[in-house]
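# Architecture and fold: a report
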Amino acid sequence: MKIADKDTKAVDLVRAALEKAKEYEDYHAFISMNEAHALERAREIDAKIEKGEKVGRLAGVPFALKDNYLSPEGNTTAAAKMLEDFPSPITATAVAKIEAEGAIMIGRTNLDAYAHGGSTENSYFGPTSNAYDKERVAGGSSGGSAVAVALDIVPFALGSDTGGSIRQPASFNGVIGVKPTFGAVSRYGVVAMASSTDTMGCFAKTAEDANLVMSIMAGKDKKDSTTLDDYWTKELSEATPKKKKIGLISDFLGEGVDPEVVKAVKDYANKLKKAGYEIEEVNMPILKYALAIYYIVVPAEISSNLSRYDGIRYGFRSKEAKDLDEIYSKTRDEGFMPENKRRIMIGNFVLSSGFFDAYYLKAQKARTLLINAYNEAFEKYDALLCPTAPRPAFKIGENTDDPLQMYLEDVMTVPANLAGIPGINIPVGKSKDGLPIGAQLVGARQSDQMLLNIIASVEEK
Ligand code: GLN
């Protein structure tokens, strides 16, 4: 990516990004633009460069921010009516770190409200179009960020991944999408979805760019006690795989997966083979339970995290409410999208005293078995390869009346979140209709940079 210096003005980089965003306005990648602030920051950076002062590693680089990251510039809406008018009092740690290195936020990107979804159709502000076909979904929930990078509006964008929300839209739009190890990046100042699986990551065009952005975002934050110390500190070239052995997950190459997707992923496996990696098919039968585990554990955490939106503490309050009970009920009825409500109801159900043991507790036990299966696999392999999604981007509206079908699209991404391990989407081909296809490389906890090293080693420059 282009960094501002004596010859490249930050103002020009930012202006070009803003103009492109305008040119592609009809894709609806952004909820709001940050034009005035962005240009002001760019001028400050140019002045510093002019005076020979030190500037950061991302000086003048424009970026797009998923609208669930808090930052005082503009409102943080999480694409929900509930937060439509919510001006954030704080800056998310990840954003503060990126901005401290001179990167400039040009606008906030669209998502499924509260990041609940896999298409960006659950946004209160309407859907985002896929970068390759306007009639198709951007994927989600970080659809806007993926499209902003795919259309070359910005060289990188931030997203969040609780069950696939970075990898799946990256796959649908043909870009790199990094979902890091749980705890790699601080979650402080990001609207919570499910606290045991929420991770913060980025979209970029190359493994090198993604590594740079992640190295800046990652590390200890005393405001998030799950964060790792001194993390993401290696040179990418030093993060080499030890075994040079990659498992190809056969459970995700059969029934229910588009043959074009299977072929593209196998072609990528061959490419890795030519580069000297040993490729072996591996069977992980436990993976078929991951979706069921996820849609118990995650709604449970959602129902708890969303209880704070009571019409009193944050954002929207219904004008129809006549007493305290109605403040709660009408505010939540009007402020949440149907998908948010569906998850609150599932969450409350699986946590209720009569069903806790049968659902929530059972799901957590099964989650441990899933983690064990991954640990076992990583004793043998550096990484595991599979498709990111069962098929390329689907049509806008195709799944909206069928939430179960929508959930099924997440079958290959949710396991990594449940296990807290890193997963990265790699663009590996196109369907005959010209739609991007993505493969996903997952590794053991804290193997993020090694995965990027593998990807970089076969990347076409
Ligand atoms: N599509 C998944 C879901 O709907 C993932 C969402 C996410 O990662 N934020 O839960």
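Please refer to the structure placed before this passage.
Quantities reported herein were computed from a predicted structural model and do not represent experimental measurements.

Structurally, Met 412 is set in the loop between α12 (403-408) and α13 (414-419). Looking at Met 412, the relative accessible area reads 4%, which means it is buried. With 101 residues separating them in the primary sequence, Met 412 and Gly 311 have C-alpha atoms 36 Å apart. Residues within four places of Met 412 in sequence aside, it is in contact with Phe 252, Val 257, Pro 387, Thr 388, Ala 389, Pro 390 and Gln 440.

In this section: the site of the ligand. The environment of the ligand is formed by 14 residues, the closest being Thr 162, Gly 163, Ser 165, Tyr 294 and Arg 343. A distance of 2.9 Å separates a nitrogen atom of the ligand from a polar atom in the backbone of Gly 117. Gly 164 is positioned with one of its backbone polar atoms (N or O) 3.3 Å from an oxygen atom of the ligand. Across the complex, the protein chains shield 99% of the 290 Å² of accessible surface that the ligand would expose by itself. When each cavity is represented as a set of grid points, the ligand is found to reside in the largest cavity. Here the residues of the shell around the ligand are counted per class, giving 4 nonpolar, 7 polar and 3 charged.

This next bit is on the packing of aromatic side chains. Counted by the stated rule, this structure contains 17 aromatic pairs. A ring pair is formed by Phe 63 and Phe 156, whose centres lie 5.2 Å apart and whose planes are at 5°; its orientation type is stacked. Of this pair, Phe 63 sits in strand β2 (residues 62-66) while Phe 156 sits in strand β4 (residues 156-161), placing them 93 residues apart in sequence. On the accessibility criterion, Phe 63 (0% relative accessible area) is buried. For the ring pair Tyr 309 and Tyr 314, a centre distance of 5.6 Å and an interplane angle of 45° mean the geometry is tilted. The buried category is assigned to Tyr 309, whose relative accessible area is 5%. Taken together, the aromatic side chains of Phe 86, Tyr 114, Tyr 309, Tyr 314 and Phe 336 make up a single cluster linked through ring pairs. Sitting above the plane of the Tyr 277 ring, Lys 244 keeps its charged end 4.5 Å from the centroid.

What follows is about the side chain of Asp 221. If you trace the backbone, Asp 221 turns up in the loop between α6 (207-217) and β7 (245-249). No salt bridge is formed by the buried Asp 221; the nearest opposite charge belongs to Lys 223, separated by 5.2 Å.

The next point concerns the layout of surface pockets. Here the largest pocket is characterised by a volume of approximately 430 Å³. Lining the largest pocket are 23 residues, with Ile 426, Pro 427, Val 428, Gly 429 and Glu 460 sitting closest to its centre. Taken together, the elements giving at least two residues each to the lining of the largest pocket come down to α7 (259-274) and β10 (423-430). The dominant element in the lining of the largest pocket, judged by the number of residues it contributes, is β10, at 5 residues. In terms of residue class, the lining of the largest pocket is made up of 12 nonpolar, 4 polar and 7 charged.

Once that is clear, we can look at the sheet that holds strand β3 (residues 104-109). Read across the open sheet, the 11 strands follow the order β1-β3-β2-β4-β6-β5-β10-β11-β9-β7-β8; overall the sheet is mixed. The sheet is open, and its two borders are formed by β1 (30-33) and β8 (278-282), each paired with just one other strand. Adjacent strand axes in the sheet meet at a mean angle of 30°, parallel and antiparallel pairs treated alike. In the sheet, β4 pairs with strand β6 (residues 199-204) via 6 bridges, with the strands oriented antiparallel. When the sheet's bridge partners are listed, Asp 161 is paired in β6 with Thr 199. The strands touched by helix α1 (residues 10-23) are β1, β2 and β3; relative to β3, the strand with the most contacts, the crossing angle is about 15°.

Applying the stated rule across the entire model yields 3 cavities of 30 Å³ or more. Within this model, the largest cavity holds a volume of roughly 90 Å³. In this structure, the largest cavity is lined by 15 residues; those nearest its centre are Gly 117, Gly 163, Ser 165, Tyr 294 and Asp 410. Residues that form the lining of the largest cavity fall into these classes: 4 nonpolar, 9 polar and 2 charged. If you add up the space inside the second largest cavity, you get close to 40 Å³. Considering the residues around the second largest cavity, the lining is formed by Ile 249, Phe 252, Leu 287, Tyr 374, Cys 386, Met 412, Thr 413, Pro 415, Ala 416, Gln 440 and Val 442. Of all the secondary structure elements, the ones that give two or more residues to the lining of the second largest cavity are α13 and β11 (436-443). Looking at the lining of the second largest cavity residue by residue, the class counts come to 9 nonpolar, 2 polar and no charged.

Calculation notes
Residues numbered from 1 in each chain as written. Predicted model: local features only at pLDDT ≥ 70, side-chain atom pairs only at ≥ 80, totals over all residues. Heavy atoms only, no water. Helix = DSSP H or I, 4+ residues; strand = E, 2+ residues; numbered from the N terminus. Buried < 20%, exposed > 50% of the residue type's maximum accessible area, 1.4 Å probe, protein only. Contact = heavy atoms within 4.5 Å. Near = heavy atom within 4 Å. Polar contact = N/O pair within 3.5 Å; in protein donor to acceptor, adjacent residues only side chain to side chain. Areas by Shrake-Rupley, 256 points an atom, 1.4 Å probe, with all protein chains shown as cover. 1 Å grid on protein atoms, 1.4 Å probe; cavity = no way out; pocket = protein on both sides within 12 Å on 5 of 7 lines; lining within 4 Å. Sits in = over half its atoms within 2 Å of the grid points. Nonpolar A, V, L, I, M, F, W, Y, C, P; charged D, E, K, R; others polar. Phe/Tyr/Trp six-rings, centres within 6.5 Å; stacked < 30°, edge-to-face > 60°. Lys NZ or Arg CZ within 6 Å of the ring centre and 35° of its normal. Lys, Arg positive; Asp, Glu negative; His and termini not counted. Salt bridge = Lys/Arg side-chain N within 4 Å of Asp/Glu carboxyl O. Points joined across faces, edges and corners; volume = space filled by probe spheres on them. Pairing = 2+ DSSP bridges. Axes fitted to C-alpha atoms, helices over the stretch in contact; angles between N-to-C directions.

No statement about biological role is implied by the geometric values presented.
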